[in-house]
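Next come the chains, spelled out residue by residue.
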Amino acid sequence: MLLEYTLADDYLERRAALREDHLALARAAHERGELLLAGALPDPYDRALLVWTAGREVVERFAEADPYVVHGLVTAWTVRPWNVVVG
């Protein structure tokens, strides 16, 4: 699964206060083997992508609990299947 976040215009200015809680949630999912990798797309910072090994329900629960989503740093998110061709 691929979780795509659309980031708020002021994402960089606001993320510091929520970053540790967001990263703790992501690290826990990674340690459970659910989250494969994650990161933001720079220049401009307007999107983030999170690649999952887990099913849609797990990914949706993550997004709904993510402090970036809860506090509006993420203005929209989508979950889509990811068809791996290599790797």
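(A) Main features of the pairing of strand S1 (residues 2-7). When S1 meets strand S3 (residues 47-52), the two strands line up antiparallel, connected through five bridges. Across the sheet, the residue bridging to Leu3 is Leu50, located in S3. Alignment of S1 against strand S4 (residues 74-80), held across six bridges, turns out to be antiparallel. Among the inter-strand pairings, Thr6 is bridged to a residue of S4, identified as Ala76.

(B) Quick peek at the pattern of salt bridges. Summed over all chains, the structure comprises four salt bridges. With a closest N to O distance of 2.9 Å, Glu34 and Arg32 form a salt bridge. Arg56 is paired through a salt bridge with Glu60; the nearest N and O atoms lie 3.7 Å apart. You can see Arg56 and its partner Glu60 sitting in helix H3 (residues 56-65), four residues apart, about one turn around the helix. By relative accessible area, Arg56 is classed as partly exposed at 31%.

(C) Fine view of the nonpolar core. Membership of the largest hydrophobic core comes to 20 residues, with the highest contact counts inside it found for Leu3, Tyr5, Leu50, Trp52 and Phe62. Looking at this core, the elements with two or more residues in it are S1, helix H2 (16-31), S3, H3, helix H4 (67-70) and S4. With near-sequence residues (within four places) excluded, Trp52 lies in contact with Met1, Leu3, Ala29, Glu34, Leu35, Leu36, Val58, Val59 and Phe62.

(D) Expanded view of the sheet that holds strand S2 (residues 35-41). The strand order S2-S3-S1-S4 describes an open sheet built from four strands, whose pairing is antiparallel. Strand pairing shows two members of the sheet lacking a second neighbour, S2 and S4, which therefore form its edges. Neighbour-to-neighbour, the strand axes of this sheet turn through a mean angle of 15°, independent of strand direction. Across the sheet, H3 is in contact with S1, S3 and S4; its angle to S4 comes to roughly 175°.

(E) Fine view of the pairing of S3. Bridge analysis of S2 against S3 gives six bridges, and the strand direction is antiparallel. Paired with Gly39 across the two strands is Leu49, which belongs to S3. The antiparallel pairing of S2 with S3 creates a hairpin that spans five residues between the two strands, and Asp43 there sits at a positive phi of about 55°.

(F) Structural context of the environment of Glu34. Relative to the elements of secondary structure, Glu34 occurs in the loop between H2 and S2. Along the backbone, Glu34 and Val84 are 50 residues apart, and their C-alpha atoms lie at a distance of 16 Å. Contacts of Glu34, omitting those with residues within four sequence positions, involve Ala29, Trp52, Thr53, Ala54 and Val58. Of the polar contacts made by the side chain of Glu34, one reaches the side chain of Arg32; its length is 2.9 Å.

The rules behind these values
Residues numbered from 1 in each chain as written. Predicted model: local features only at pLDDT ≥ 70, side-chain atom pairs only at ≥ 80, totals over all residues. Heavy atoms only, no water. Pairing = 2+ DSSP bridges. Helix = DSSP H or I, 4+ residues; strand = E, 2+ residues; numbered from the N terminus. Salt bridge = Lys/Arg side-chain N within 4 Å of Asp/Glu carboxyl O. Buried < 20%, exposed > 50% of the residue type's maximum accessible area, 1.4 Å probe, protein only. Core = buried A, V, L, I, M, F, W, Y, C linked by side-chain atoms within 4.5 Å. Contact = heavy atoms within 4.5 Å. Axes fitted to C-alpha atoms, helices over the stretch in contact; angles between N-to-C directions. Polar contact = N/O pair within 3.5 Å; in protein donor to acceptor, adjacent residues only side chain to side chain.

In short, the description is geometric, and any link to function would need to be established separately.
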